[in-house]
Amino acid sequence: MKTLTMLVTLVLISFSINAQDISKNALGLRIGDNNGFGGEITYQRYLKENNRLEFDLGWRDSNNVEAFKLTTLYQWVFPLDGSFNWYVGAGGGVGSFDAGLTDGTFLFAAGDIGIEYNFDIPLLLSLDFRPELGFNDEFSDNVDFDIALGIKYQF
C-alpha cells in the first residue's frame, strides 16, 4: 500500500510539473463545416488549473438559409508532450434560422474532443471533433459531426 501511495504521488507531481499553463483568454477563428456553419468566432476563458470555457458564434448566409448559432462548452485540458495538449468538453447551444418558408430557433447538445499546440508566441492551433445533437424537426433533429481547425491569439 505504501508503494502504491508513493507511485500515485510521483505520477501526480510529474503531471503538475509538465502541465501547460492555460492562457487567461484566447480569441480567434474555428473553421469547419457543421451543418453549413463554416466559420465561427471563438473565445476561450480560463477558469482554473486545467479548465476553461469556450464560446463560439457561427453564422450561415446562403441562398436557402440564413442562420446563426451560439455554442458554449466546458473543457478539461490535459498535457500530452511539450507544447501539445488534448482536451475534452461538453455543452450545448441555441440558434436561429430563416429558410424562406420556415423559420425558428433550435437547441442542441454538444461534445468536444481535440488536440492543440501552444506556440512560444501567443498563438494556439487546434484540431477538434464536435458531435452535436439538434432539437428542431424543421432545421436539425439529428446528430451532426463537425471537424474544425482553430487558430487563436492568446492574451
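Our subject is the structure listed above.
Please read all numbers here as calculations on a predicted model, not as lab measurements.

Procedures and definitions
- Residues numbered from 1 in each chain as written.
- Predicted model: local features only at pLDDT ≥ 70, side-chain atom pairs only at ≥ 80, totals over all residues.
- Heavy atoms only, no water.
- Phe/Tyr/Trp six-rings, centres within 6.5 Å; stacked < 30°, edge-to-face > 60°.
- Helix = DSSP H or I, 4+ residues; strand = E, 2+ residues; numbered from the N terminus.
- Buried < 20%, exposed > 50% of the residue type's maximum accessible area, 1.4 Å probe, protein only.
- Lys NZ or Arg CZ within 6 Å of the ring centre and 35° of its normal.
- Salt bridge = Lys/Arg side-chain N within 4 Å of Asp/Glu carboxyl O.
- Contact = heavy atoms within 4.5 Å.
- Core = buried A, V, L, I, M, F, W, Y, C linked by side-chain atoms within 4.5 Å.
- Patch = residues over 30% accessible without salt bridge, like charges linked within 9 Å, V, L, I, M, F, W, Y side chains within 5 Å.
- Areas by Shrake-Rupley, 256 points an atom, 1.4 Å probe, with all protein chains shown as cover.
- Lys, Arg positive; Asp, Glu negative; His and termini not counted.
- Charge placed at Lys NZ, Arg CZ, Asp CG, Glu CD.

1. Here's the deal with the packing of aromatic side chains
- Scanning all chains against the criterion turns up 9 aromatic pairs.
- Seen from their ring centres, Tyr 43 and Phe 55 are 6.4 Å apart, and the 15° between their planes marks the pair as stacked. In this pair, Tyr 43 is assigned in strand S2 (residues 37–48) and Phe 55 in strand S3 (residues 51–61), connecting sequence segments 12 residues apart.
- In this structure Tyr 43 comes out as partly exposed when scored by relative accessible area, which is 26%.
- Site record: aromatic cluster; members linked through ring pairs are Phe 84, Tyr 117 and Phe 119.
- One residue, Lys 69, lies across the ring of Phe 108, its end atom 5.1 Å from the ring centre.

2. Regarding the pattern of salt bridges
- Within this structure, the stated rule accounts for 9 salt bridges.
- In this structure, the salt-bridge partner of Glu 40 is Arg 130, at a minimum N-O distance of 3.7 Å. Placement of the pair is Glu 40 in strand S2 and Arg 130 in strand S7 (residues 123–134), with a sequence separation of 90 residues.
- Residue Glu 40 is classed as buried on the basis of its relative accessible area of 1%.
- Put simply, Glu 116 and Arg 52 hold a salt bridge, and the shortest N to O gap is 2.9 Å. Residue Glu 116 is located in strand S6 (residues 103–118), and its partner Arg 52 is located in strand S3; the two are separated by 64 residues in the primary sequence.
- Taking the relative accessible area as the measure of exposure, Glu 116 reaches 4% and is therefore buried.
- Overall, the relative accessible area of 2% leaves Arg 52 in the buried class.
- If you follow the salt bridges from partner to partner, you end up with Arg 30, Glu 40, Glu 54, Asp 56, Lys 69, Asp 128, Arg 130, Glu 132 and Asp 146 in one network.

3. What about the environment of Leu 73?
- Mapped onto the secondary structure, Leu 73 falls in strand S4 (residues 66–81).
- Leu 73 gets classed as buried once you look at its relative accessible area, which sits at 0%.
- Measuring from C-alpha to C-alpha, the distance between Leu 73 and Asp 112 comes to 7.9 Å, with 39 residues separating the pair along the chain.
- If near-sequence neighbours (up to four positions away) are discounted, Leu 73 is found in contact with Arg 52, Leu 53, Glu 54, Asp 56, Ala 90, Gly 91, Ala 110, Asp 112 and Arg 130.

4. What to know about the nonpolar core
- In terms of nonpolar packing, the biggest core is built from 8 residues, these being Phe 37, Val 65, Ala 67, Leu 73, Phe 97, Phe 106, Phe 108 and Ala 110.
- At the level of secondary structure, the elements contributing two or more residues to this core comprise S4 and S6.
- Among the elements that line this core, the one with the most residues is S6, at 3 residues.
- Leave out the neighbours within four places in its chain, and Ala 110 touches Leu 73, Ala 90, Gly 91, Gly 92, Arg 130, Pro 131 and Glu 132.

5. Some details on a negative patch on the surface
- On the surface, Asp 61, Glu 66, Asp 98 and Asp 103 cluster together to form a negatively charged patch.
- With respect to the secondary-structure elements, Asp 98 resides in strand S5 (residues 84–98).

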